[in-house]
Amino acid sequence: MSVNTQTRRAGPAPPEPRPRAPRLTWSRFDVKAAPYLLISPYFLLFAVFGLFPLVFTLWVSLRDYGLAGGEATFTGLDNYAALLSDADFWNAVVNTVGIFALATVPQLLLALLLANALNKRLRGRLLLRLGVLVPLVTSVVAVAIVFTQLYGRDYGMVNWLLDVLGLDRHIDWQSARWSSWTAIATMVDWRWTGYNAIIYLAAMQTIPRQLYEAAAIDGASGRRQFWSITLPMIRPTVLFTVFVSTIGGLTLFAEPVMFAGNRMDGGTTGQFQTIAMYIVEQGFRNFDYGYAAAAAWLLFVLILLGVGLNYTLARRIGGSR
Amino acid sequence: MNHKARRGGKLAAAMTMAAALGVTAACSSGGTAAEGTSSAAPAEKITLTLQTFGGGTNFGYKAAVEKWNAEHPGVQVKYTNLTDSFENVYWPQMLQWLQSGTGAGDVVGIDEGGMGLAKARPQFFTDLGQYGLDSRKADFPAWKWENGLTADGRLFALGTDVGGMSICYRTDLFEKAGLPTGRDEVSKLWSGGWDAFIKAGQDFQAKVKDTKFVDSVNTIYNVVLSQEAAKNGNVTYFDRDQKLIAGTNPAVKTAFDLTQKISQAGLTAKLQNFTDPWNTGFVKSQFATLGCPGWMLGVVSGTAGDEFKGKWDVATVPGGGGNWGGSWLAVPKQSKHPKEAAELASYLTGPEAQLMAFKEGGNLPSTLAAQDDPALQSATNPYFNDAPLGKIFGPSIKSLQPTFLGERHAQVKREVEQVITGMDQGSVPYAEAWDKFVAAGEKAAR
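Computed from a predicted model, the values in this text were never measured in an experiment. (Residues numbered from 1 in each chain as written. Chains lettered and ligands numbered in written order. Predicted model: local features only at pLDDT ≥ 70, side-chain atom pairs only at ≥ 80, totals over all residues. Heavy atoms only, no water.)

### Concerning the interface of chain A and chain B
Part 1 of the argument: Contacts between chain A and chain B engage 25 residues on the former and 30 residues on the latter.
Part 2 of the argument: Across the chain A/chain B interface, buried area totals approximately 2400 Å², and carbon plus sulfur atoms make up 44% of it.
Part 3 of the argument: Interface area lost by chain A to chain B is led by A:Tyr155, A:Arg263 and A:Thr268, which between them contribute 26%.
Part 4 of the argument: For the pair chain A and chain B, the number of links is two salt bridges.
Part 5 of the argument: Taking the shortest distance from any N to any O, the salt bridge between A:Asp88 and B:Lys443 comes out at 3.0 Å.
Part 6 of the argument: Put simply, chain A and chain B have 12 residue pairs in polar contact (both at pLDDT 80 or more) between them.
Part 7 of the argument: Across the side of chain A that touches chain B, the residue classes break down as seven nonpolar, nine polar and nine charged. (Contact = heavy atoms within 4.5 Å. Buried area = accessible area lost by both parts, 1.4 Å probe. Salt bridge = Lys/Arg side-chain N within 4 Å of Asp/Glu carboxyl O. Polar contact = N/O pair within 3.5 Å; in protein donor to acceptor, adjacent residues only side chain to side chain. Nonpolar A, V, L, I, M, F, W, Y, C, P; charged D, E, K, R; others polar.)

### Digging into the packing of aromatic side chains
Residues and elements named next belong to chain A.
Part 1 of the argument: With the rule as written, the count across this model stands at 47 aromatic pairs over all chains.
Part 2 of the argument: For the pair Phe89 and Trp90, a centre-to-centre distance of 5.4 Å together with 70° between the ring planes defines the contact as edge-to-face.
Part 3 of the argument: Under the relative-accessibility criterion, Phe89 is labelled buried at 3%.
Part 4 of the argument: The partly exposed category is assigned to Trp90, whose relative accessible area is 38%. (Phe/Tyr/Trp six-rings, centres within 6.5 Å; stacked < 30°, edge-to-face > 60°. Buried < 20%, exposed > 50% of the residue type's maximum accessible area, 1.4 Å probe, protein only.)

### Structural notes on the packing of helix α9 (residues 217-231) of chain B against helix α10 (residues 250-264) of chain B
Axis angle and axis distance: for two packed helices, these are the angle between their axes and the distance between the axes, and together they describe the pair.
Residue and element names in this part refer to chain B.
Part 1 of the argument: The interhelical angle for the contact between α9 and α10, taken along N-to-C directions, is 150°, at an axis separation of 8 Å. Of the possible angle classes, the one that applies to α9 and α10 is roughly antiparallel. Judged by the twist between their axes, the crossing of α9 over α10 is right-handed. Contact residues: α9 offers Val217, Ile220, Tyr221, Val224, Leu225, Glu228 and Ala229, while α10 offers Ala251, Val252, Thr254, Ala255, Phe256, Leu258, Thr259, Ile262 and Ser263. (Axes fitted to C-alpha atoms, helices over the stretch in contact; angles between N-to-C directions. Helix = DSSP H or I, 4+ residues; strand = E, 2+ residues; numbered from the N terminus. Parallel < 35°, antiparallel > 145°, perpendicular 65-115°, else oblique. Left-handed = near helix turned anticlockwise from the far one by under 90°.)

### Some thoughts on unusual backbone geometry
Residue and element names in this part refer to chain A.
Part 1 of the argument: You will see that Phe287, though not glycine, has its phi angle at about 60°, which is positive.
Part 2 of the argument: With respect to the helices and strands, the residue Phe287 is situated in the loop between α14 (275-285) and α15 (289-315).
Part 3 of the argument: On the accessibility criterion, Phe287 (8% relative accessible area) is buried.

### A look at the pattern of salt bridges
Residues and elements named next belong to chain B.
Part 1 of the argument: According to the stated counting rule, one finds 21 salt bridges over all chains in the structure shown.
Part 2 of the argument: Here Arg136 ties to Asp139 by a salt bridge, and the two come within 2.9 Å at their closest N and O atoms.
Part 3 of the argument: In this structure Arg136 comes out as buried when scored by relative accessible area, which is 8%.
Part 4 of the argument: With a closest N to O distance of 3.1 Å, Lys199 and Asp203 form a salt bridge. Residue Lys199 and its partner Asp203 are both found in helix α8 (residues 194-207); the two are separated by four residues, about one turn of the helix.
Part 5 of the argument: Accessibility expressed as a relative area gives 47% for Lys199, which makes it partly exposed.

### Looking at the sheet that holds strand β6 (residues 165-170) of chain B
In a beta sheet, neighbouring strands pair by backbone hydrogen bonds and run either parallel or antiparallel.
All names here are of chain B.
Part 1 of the argument: Spatially, five strands are ordered β8-β7-β9-β6-β10 in an open sheet, and the strand pairing comes out mixed. Strands with a single pairing partner mark the edges of an open sheet, and in this sheet they are β8 (268-271) and β10 (312-315). Here the average twist between neighbouring strands, direction ignored, is 30°.
Part 2 of the argument: Looking at chain direction, strand β7 (residues 212-216) and strand β9 (residues 287-293) are connected through two bridges and run parallel. In the strand pairing of β9, Val214 is matched with Thr289.
Part 3 of the argument: Strand contacts of helix α12 (residues 296-304): β6, β9 and β10, with the helix running at about 140° to β9, the strand carrying the most contacts. (Pairing = 2+ DSSP bridges.)

### What about the domain arrangement of chain B?
Residue and element names in this part refer to chain B.
Part 1 of the argument: With domains assigned, chain B is organised as domain 1 (11-162 + 325-372) and domain 2 (167-322 + 401-444).
Part 2 of the argument: Relative placement of domain 1 and domain 2: their C-alpha centres are 33 Å apart.
Part 3 of the argument: Counting from both sides, the interface comprises 22 residues of domain 1 and, opposite them, 18 residues of domain 2.
Part 4 of the argument: Between domain 1 and domain 2 the total buried area reaches about 1600 Å² when both faces are included, carbon and sulfur atoms providing 58% of it. (Domains from an automatic or database assignment.)

### Quick look at the environment of B:Thr421
Part 1 of the argument: In this fold, B:Thr421 is placed in helix α18 (residues 409-425).
Part 2 of the argument: On the basis of relative accessibility, which here comes to 1%, the residue B:Thr421 falls in the buried class.
Part 3 of the argument: Considering only alpha carbons, one finds B:Thr421 and B:Pro141, 280 residues apart in sequence, at a separation of 34 Å.
Part 4 of the argument: Leaving out residues up to four positions away in the same chain, B:Thr421 has contacts with A:Thr268, B:Val217, B:Asn218, B:Leu271 and B:Gln272.

### Overview of the nonpolar core
Most often, soluble globular proteins have nonpolar side chains that are buried together.
Part 1 of the argument: Formed by 134 residues in total, the largest nonpolar core has its most connected members in B:Trp190, B:Tyr237, B:Trp312 and B:Phe437.
Part 2 of the argument: Summarising the domain contributions, this core has at least three residues from each of domain 1 (11-162 + 325-372) and domain 2 (167-322 + 401-444) of chain B.
Part 3 of the argument: With residues near it in sequence (within four places) discarded, B:Trp312 still touches B:Cys168, B:Tyr169, B:Arg170, B:Phe282, B:Phe287, B:Ala288, B:Leu290, B:Val300, B:Ala304, B:Tyr383, B:Phe384 and B:Asn385.
Part 4 of the argument: By size, the runner-up hydrophobic cluster in this structure holds 22 residues, among which are A:Leu112, A:Ala203, A:Ile234 and A:Val238. (Core = buried A, V, L, I, M, F, W, Y, C linked by side-chain atoms within 4.5 Å.)

### Here's the deal with a nonpolar patch on the surface
Part 1 of the argument: Among the surface-exposed residues, A:Tyr36, A:Leu38, A:Ile39, A:Tyr42, A:Phe43, A:Phe46, A:Leu51, A:Leu54 and A:Val55 lie close enough to one another that they form a single nonpolar patch of about 980 Å² accessible area.
Part 2 of the argument: Mapping A:Ile39 onto the fold places it in helix α2 (residues 20-61). (Patch = residues over 30% accessible without salt bridge, like charges linked within 9 Å, V, L, I, M, F, W, Y side chains within 5 Å. Areas by Shrake-Rupley, 256 points an atom, 1.4 Å probe, with all protein chains shown as cover.)

### Comments concerning the sheet that holds strand β3 (residues 107-111) of chain B
Residue and element names in this part refer to chain B.
Part 1 of the argument: The strand order across the open sheet built from five strands is β2-β1-β3-β11-β4, with neighbouring strands paired in mixed fashion. This sheet does not close on itself; its edge strands, each paired only once, are β2 (75-81) and β4 (157-159). Adjacent strand axes in the sheet meet at a mean angle of 25° when their direction is disregarded.

### Notes on the UniProt feature "transmembrane region" (unreviewed entry) in chain A
Part 1 of the argument: In this numbering, the UniProt entry assigns the feature "transmembrane region" (unreviewed entry) to residues 36-60, 89-114, 126-151, 192-212, 233-254 and 289-313 of chain A.
Part 2 of the argument: Secondary structure across residues 233-254 of chain A divides into 82% helix and 0% strand, with the first and last C-alpha atoms of the span separated by 34 Å. (UniProt positions renumbered as here; feature names shortened; annotations may be inferred.)

Here is the structure:
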């Protein structure tokens, strides 16, 4: 290499036939191997922290594996069969899907409206845009603790507010399905609406102004512009947020756990126990590791189904109808 | 040329670095050697971690640990109380630490509910016999000693406290309800048994609306369960062959029925013990009584705080003696200083430290010497209106019987108590509660 450089620096001397072999190997390495080398950290980390746990979980799920010093005997698909007829597991599935629907649908709609509003010419626009991101910065545990206090049965602010409004209803937010789901959904929404709004906003800003100008000249109203220009143009982004919130919603864990006072059973009758909580309860409270691993794999399948379903639904958004 | 020079530079740099490292290494090793020769004291200061659980003053080890630290400059104890809740947080976490081989302290507390599982996992715990602690056998009642032995008969845990029973009550609230306030009269009020207790509760509730008579169903349930266990062969959820008997043991059913009766009579504040709302309930005066095993006194004084000092008092429990709770100290295998840790465990379970813990939190000592100590027999507690705790607990603690707890006791306890709480709070209908209770126990025991 250094020889070559020196020859080049030597000036306008007629080009000699260069010694090709070493340069070729280098450039071949450069082109063929270097990209792999550069992306390898991700895949190495993924292999250690992603692939290995995945395969290990599968291995564990086929066994009667007792945590804390228990035995691990091969039982085949027994865990899966037991899970599919386990009413508590299905209860957790219903809760998870229910809370997901209750949280995500209003969240994304709200985020869309919020983004549309922020996309207008407002005074202090930057401040407002940053403002919607603030909830995201707070720790999820802090959010859950504060909201759990707000929804307290005896001294919670929500009940106090209802009282002030003349609705003399002493709601035990944790005891019923609808109330506990609502409480958890508001925690999720409070934290993630701003995040989705900012993503929508970024997508909205890539839409050419001329489209709106042309539409305005044609006499299209603001609402019409939103449905016929904005929404179709940001459809890929909507799909992205739908994916992310599906995955987040189906693996919901921290908020309901904190709401249950650090327990995994999600209320006295499991009224807000999510699948992730059920997995931890089985694996680390009842020490039935194999069963928990099987539940984790079923959750994985459920997420794939959920994402697929939402993809087909969300694809229609703003489509030519 | 250029190339060679650069490589030379790198080499030189590497050599300089190596040399520097060598020098540092030389320095440090020289340093230790010098220290080692200059003083005869052990070169290294050891820090032992002591991990416990429980609300309020929990194990009551503050004074005992301070004394140890003052007397052992070379072996300092770091005392952490990890959480209020044994079944839900502490024990699962501890088992994960034991399983993964790191995280557990040098000395750890284990509640009676976890002992069945711990006994069956001797691979996690240091054999304390190898440090000569077998010699302490005569210090303890036989049952307390034997429960600290693994399945193959090796000593792995030493007993801390035992759970004699009482009822803690608020004198000011009793006065408000027109009930007697002196502890002898209060004890007499329900000397007829639990039905008399319910009657007193109804009288209380007739006069006072914003405060409930008892805190929760769990507390009373556990008091009654341990009383009933003593009448039914000293077993609760499991028989001695580790078979689940939660649905057939009359002790469980009796405790359940009484709990349901109290809940249906509207006497509970519908809280769940060892939760934040329960802790708040103390400060907001949401309830007037609760079932108090010895160690609960520290939970009450620690949680309610100085504001309520002197307003609490202690009366005898309706329905006779029982043994709820009591803990053990063990040394996990993963401890780096098992010898010192074993010494610490032995010290903390010795009569002297047990009496300090009794003074601090009301935890009743498990050693015979401490139980016989005049200091215990004549003890009073200023927080509880100078209640003569020695007189209240003293006569019963020596006759306490061991309750056998199965390997999966903690899991079953957690699940069935959740059903009781649900019944009290309204999410489980009274008519379905017993079936749900049995089903929850069966699932958790599987």
